[in-house]
Amino acid sequence: MRRFQMVLLGGLLLAGCSSHDQATDTTASRSSAPAMADQPLDLCQLMPVADVAAILQANGADTVTEQKAGAGGMCSYLHQPQPGDYRTKLLIDFTRMASPEQAGQALAAHREDFTGRGISVTPVPGLGDEAFLAEAEGAAGLKLRVGAYQGQINLRVDDRDPATLRPAVLALGKQVVARLH
């Protein structure tokens, strides 16, 4: 059962997002000095560990004490109360697509992927342009789109029921949406 949980969490965490800026692929060739908006999104800078820890604590989801930048700007947050034992694991990952339509198509593909694997999704109206929650044993994941950005926020806290993590994931989503505007 533990192996299934890790595989499912891995599926939630790695299901198709990367912070690579796909809009840069089409705009970088237009100018020898790309504009600041053409740079990949640095989520660790956008969502500092202190801000993330405060949101998690305010929503009853433990805390994070470490922040690690990943490929393309994604950011992982961890809390390790004992060596080798991570209590809290969080991933925030967004990609700027070439257009809002392309971001919407990518989000729809992720939704189909989850439902195809038997994971139920719950629409979350009013969060960005479109969003849905996917919860599995031990993990809560939020997929959303804000204009041309599409991404994910995935949280796991030990063996907690994913429904208890929902408020923290939604609060993080609101903060990311506010900072992307």
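Cut-offs and rules
- Residues numbered from 1 in each chain as written.
- Predicted model: local features only at pLDDT ≥ 70, side-chain atom pairs only at ≥ 80, totals over all residues.
- Heavy atoms only, no water.
- Helix = DSSP H or I, 4+ residues; strand = E, 2+ residues; numbered from the N terminus.
- Buried < 20%, exposed > 50% of the residue type's maximum accessible area, 1.4 Å probe, protein only.
- Contact = heavy atoms within 4.5 Å.
- Areas by Shrake-Rupley, 256 points an atom, 1.4 Å probe, with all protein chains shown as cover.
- pLDDT = per-residue confidence, 0-100.
- Core = buried A, V, L, I, M, F, W, Y, C linked by side-chain atoms within 4.5 Å.
- Salt bridge = Lys/Arg side-chain N within 4 Å of Asp/Glu carboxyl O.

## Describing the overall build of the protein
Along its length, the protein carries six helices and seven strands. Listing the helices and strands of the protein from first to last along the sequence gives α-α-α-α-β-β-β-α-β-β-β-β-α. Per-residue burial over the protein gives 46% buried out of 181 residues. The long-range share in the protein, meaning contacts at least 24 apart out of those at least 6 apart in sequence, stands at 59%. Accessible surface, the protein: about 8,600 Å² in total, of which carbon and sulfur atoms supply 54%.

## Some words on the confidence of the model for the protein
Averaged over every residue, the pLDDT of the protein is 80; the share at 70 or more is 77%. pLDDT under 50 marks residues 1-37. Its contacts with residues more than four places away, or in other chains, come to 75 contacts.

## Considering the environment of L78
Looking at where L78 falls in the secondary structure, it is placed in strand β2 (residues 75-79). Using a relative accessible area of 11% as the deciding quantity, one classes L78 as buried. Separated by 29 residues in sequence, L78 and V49 place their C-alpha atoms 9.3 Å apart.

## As for the nonpolar core
Counting residues in each nonpolar core, the largest one holds 36 residues, and the members touching the most others are F94, L142 and I153. Where this core is concerned, the elements lending two or more residues are α3 (43-46), α4 (49-58), β2, β3 (88-96), β5 (130-136), β6 (139-146), β7 (149-157) and α6 (162-180). When residues in this core are grouped by element, the largest group, eight residues, is from α6. One finds F114, I119, F132 and A134 within the second-largest nonpolar core, a separate group that totals five residues.

## Observations regarding the pattern of salt bridges
By the definition in use, this model includes eight salt bridges. In this structure, the salt-bridge partner of D62 is R87, at a minimum N-O distance of 3.0 Å. Here D62, found in the loop between α4 and β1 (66-69), pairs with R87, found in the loop between β2 and β3; they are 25 residues apart in sequence, far enough to count as distant. Judged by its relative accessible area of 26%, R87 falls in the partly exposed class.

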